[in-house]
Amino acid sequence: MTGHLLAGDGSQTRSLCYVSDTVDGILRLLWAPGEQGPVNIGGTHEMTVLATAEMIRGLVGSSSSIEFVARPQDDPGLRRPDISRAERSLGWRPAVSIEAGIKRTIGWFLERTPPGRQPRAAIRPVT
């Protein structure tokens, strides 16, 4: 089996935000009287792409390799939103941790796997 592709060396960072937190933040912004201008909604815990890939691989029980490929020139090295305005004006901040969100996502996919079909990698249920 071929490994999973990762652009660059994996040192670039991302801040993930679980969908329910994102929707909650957007709805709070929608219902905020008089709020104008941009308000960042997003995760605050910055992780490297490699650490995120390794976490996912561990949570699904995969032993597949991670193969590094060329990183696109426009791929930012760091991504972490400043959510101070959302905290101040909306009373919002993410509630679901990255690990909990990934576990929920894995569970969502496993629930939707048709009977008799297995995902490409042997994925074990997570708790």
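As the structure is a computational prediction, the values presented were derived from the model and not from experiment.

Engineer: Run through the side chain of D75, naming residues and quoting values.
Structural biologist: Relative to the assigned elements, D75 resides in the loop between strand 4 (66–69) and helix 3 (84–90). Within the structure, the side chain of D75 is placed 2.2 Å from the side chain of R14, a separation counted as a polar contact. In contact with D75, not counting residues within four places along its chain, are Q12 and R14.

Engineer: Now, about the pattern of salt bridges: what can you tell me, with residues and values included?
Structural biologist: By the definition in use, this model includes seven salt bridges. Ionic pairing is found between R85 and E35, a salt bridge with its closest N-O pair at 2.5 Å. Taken together, the residues span a long stretch of sequence, with R85 in helix 3 and E35 in the loop between helix 1 (19–31) and strand 3 (47–48) at a distance of 50 residues. Notably, a salt bridge pairs R112 with E111, separated by 3.4 Å at the nearest N-O pair. Accessibility expressed as a relative area gives 45% for R112, which makes it partly exposed. Within the structure, one salt-bridge network assembled from shared partners comprises R14, R71 and D75.

Rules used in this analysis
- Residues numbered from 1 in each chain as written.
- Predicted model: local features only at pLDDT ≥ 70, side-chain atom pairs only at ≥ 80, totals over all residues.
- Heavy atoms only, no water.
- Helix = DSSP H or I, 4+ residues; strand = E, 2+ residues; numbered from the N terminus.
- Polar contact = N/O pair within 3.5 Å; in protein donor to acceptor, adjacent residues only side chain to side chain.
- Contact = heavy atoms within 4.5 Å.
- Salt bridge = Lys/Arg side-chain N within 4 Å of Asp/Glu carboxyl O.
- Buried < 20%, exposed > 50% of the residue type's maximum accessible area, 1.4 Å probe, protein only.

Note that all results are geometric; they support no functional claim without further evidence.
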